[in-house]
Amino acid sequence: MDADVLLRVTALTKRYPGVTALDGLTLDVPRGRIGLVGANGAGKSTMFRLLLGLTQPTEGHIQVCGVDVAADPIEVRSRLGYMPEHDCLPLDQTAADVVSTFGELSGLPRRAARQRASDILDLVGLDEARFRPIGGFSTGMRQRTKLAQALVGDPELVLLDEPTAGLDPLGREEMLALVARLGTFGISVMMATHLLDDVQQVCDHVVMIDAGRLVVAGETASLLDRTGVVTVDVGLRHHDLIAGLASAGVDATVVNGAVEATIEGDQQLDLVRDVVADLGLPLFRLTTRLTSLDEVFLRSAGGPE
Amino acid sequence: MSAAAESPGVRRGAVYDRSYRPYDGPRGRRAAATAALYRASIRRALGLRRSWRQKAAPFVLLAVVSVPAVVNVGIGYITRERRLPIEIITYRDYVGVSSALLLFVALVAPDVMCPDRRQRVLPLMFSRPLVGNDYVAAKVGSITTILFAFSFLPQLVLFVGNMLVSDSAFDYFAGHLDVLWQVPASVALLAVYYAVIGCAVASLTDRRIVAGASVIGLFLVTSIASAVIVDNGADRGPSPGSPGALVNVLRLPLYLRDLVFLGHVDATSPLGGVDHGGMYAVGLYVIVLGLGLGVLWRRYRWVER
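Residues numbered from 1 in each chain as written. Chains lettered and ligands numbered in written order. Predicted model: local features only at pLDDT ≥ 70, side-chain atom pairs only at ≥ 80, totals over all residues. Heavy atoms only, no water.

Residues and elements named next belong to chain A. Across six bridges, strand β9 (residues 205-210) lies against strand β10 (residues 213-219) in antiparallel orientation. Its bridge partner lying in β10, Val207 is registered against Ala217. Hairpin geometry of β9 and β10 is characterised by an intervening segment of two residues between the two adjacent antiparallel strands and by a positive phi of about 50 degrees at Ala211. (Pairing = 2+ DSSP bridges. Helix = DSSP H or I, 4+ residues; strand = E, 2+ residues; numbered from the N terminus.)

And the structure:
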């Protein structure tokens, strides 16, 4: 198996009585931050259970970090961290105790587990709350504790099931920032979510599944096309810009507090810049808008594979 | 940089980004994870690292089961000059006192088993290098250890106390060598038995109160049923005992205790006088243990439910 391939799935099928959760999935996933995207019931959580060896595939094979899951699930689990979507923490224990215990369960010696628990809780921003019972934690703090227990064993790959579920906007941004940082620590991340914005924000590779079938997989950047629309942020003077662009023959409207202009080719991009300069407007942002992953998903899931 | 910072002899502060440090030390596998879970379960059962309320029950119970030993040794000390042959309780009887630890099992086995299922901690545990049998071994092992310790410690107090208040400590020791294996053996049989039954019953529900009541109920119902059967049988024949005494699962380990101490079932016990009563007791003991372990094995084969 190629050293860069983190995950190799071959003809993977999982059937439960009356339902096929995964249907003939075949893909190679490189190391890095991977988004596993699909609607609720698409098979994301089943995929995680199969990766952890907690359930057996009906057909097919999985290799994680070069290890066959069916042949040696224990070895695979010793290389993985797992953060489930649902509540899963003992509420009457402190975060330090829980994370330290899970460190020991990951095979770390007791002293090392306590030290790492302290470090990891510090990393996820729970250093001051680590001696408080988890029952008194907010949703965001519980999510961070779940992430900490997944990281304490120093995994090669961490599986995050809906890590931003139930978080407020600030908590969501902080969680995504943490996930993005994991890549810089040499930890690969597979993040299952139905929130495509989250994936677009932090993942460099995307696997989209729908009803247990592979929809599309590839680098995030390669899936996003230029749309021919540029976003121009000139502060509050949108209408001056729209009028200026209209006189130059460019259609523009206000979307989410910024001006979006439809252009044809780079020459018109220069034209937009010149209009802004001629009007003496402050230019805060000038970007080409890409297709969103939502559009990619809808286009791919709706059409033939 | 300030002048103070540049002055010789003045320590300059520094900010370190602790960031993430990979773990490159030794790492255990199944045995280490099982041992970690065993330790965590013992801590939980004894209420360590928990509030004082959780600590109260186990240590109050230990104090209660130690009372006969302390009283016996105290009276021996007070009457040591009068050479009175006062023996309030024998080592064999004391194993019967330990059956009061059933209360402890009804309290602790559900507390150790049920929250893992109710708070959905099992997926986190089984995402570690751990399988169902390891989990069962750790849980049953932890309760067995505590039951053994709580049964053995009072006997140790009794033995050492009797030795010290006797005319000759060496003579007492030499005259009671049999006790040195009989007590640990019979106490171990009792501890394993209660631990397996307690854990098996607790594994069938995720509610502690239901599990605790079920453990007590199981022993009460079988005790009453056995008493009714034995009483009816007593009217029909000369033998004081009846095979119906075996229905009392609470008393079953005490017949094995008799075998360890006496080599046969005590003639005054409800099983006394029954042909091959000891053999039946051993057989039923093994069957009950097997059933309990079978229930546990089946409950923790998979973590999906």
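This brings us to the interface of chain B and chain A. Of the residues lining the interface, 37 residues belong to chain B; the matching set on chain A comes to 49 residues. Between chain B and chain A lies a buried interface of about 3,800 Å² when both sides are counted; carbon and sulfur atoms form 51% of it. Taken together, the connections running from chain B to chain A amount to six salt bridges. Here Asp72 of chain A and Arg29 of chain B are joined by a salt bridge, their closest N and O atoms 3.7 Å apart. Seen at the junction of chain B and chain A, the total is 16 residue pairs in polar contact (both at pLDDT 80 or more). Put simply, the parts of the chain that give the side of chain B that touches chain A at least two residues each are α2 (30-46) and α6 (122-126) of chain B. Of all the elements, α2 of chain B adds the most residues to the side of chain B that touches chain A, at nine residues. (Contact = heavy atoms within 4.5 Å. Buried area = accessible area lost by both parts, 1.4 Å probe. Salt bridge = Lys/Arg side-chain N within 4 Å of Asp/Glu carboxyl O. Polar contact = N/O pair within 3.5 Å; in protein donor to acceptor, adjacent residues only side chain to side chain.)

Here Thr101 of chain A shows up in helix α3 (residues 95-105). Taking the relative accessible area as the measure of exposure, Thr101 of chain A reaches 10% and is therefore buried. Discounting chain neighbours no more than four positions away, the residues touching Thr101 of chain A are Ala40 and Arg43 of chain B. (Buried < 20%, exposed > 50% of the residue type's maximum accessible area, 1.4 Å probe, protein only.)

Another aspect to go through is the pattern of salt bridges. Here the structure, examined in full by the defined rule, presents 27 salt bridges over all chains. When the shortest N-O distance is used, the salt bridge between Arg44 of chain B and Asp92 of chain A registers 3.0 Å. With Arg44 of chain B in helix α2 and Asp92 of chain A in the loop between β6 (80-83) and α3, this pair bridges two chains. Asp258 of chain B is the salt-bridge partner of Arg92 of chain B, the closest N and O atoms lying 2.5 Å from each other. Linking Arg92 of chain B in helix α4 (residues 91-97) with Asp258 of chain B in helix α11 (residues 252-262), this pair joins segments that are 166 residues apart in sequence. Taken as a pair, Arg92 of chain B and Asp258 of chain B share a single burial class, namely buried.

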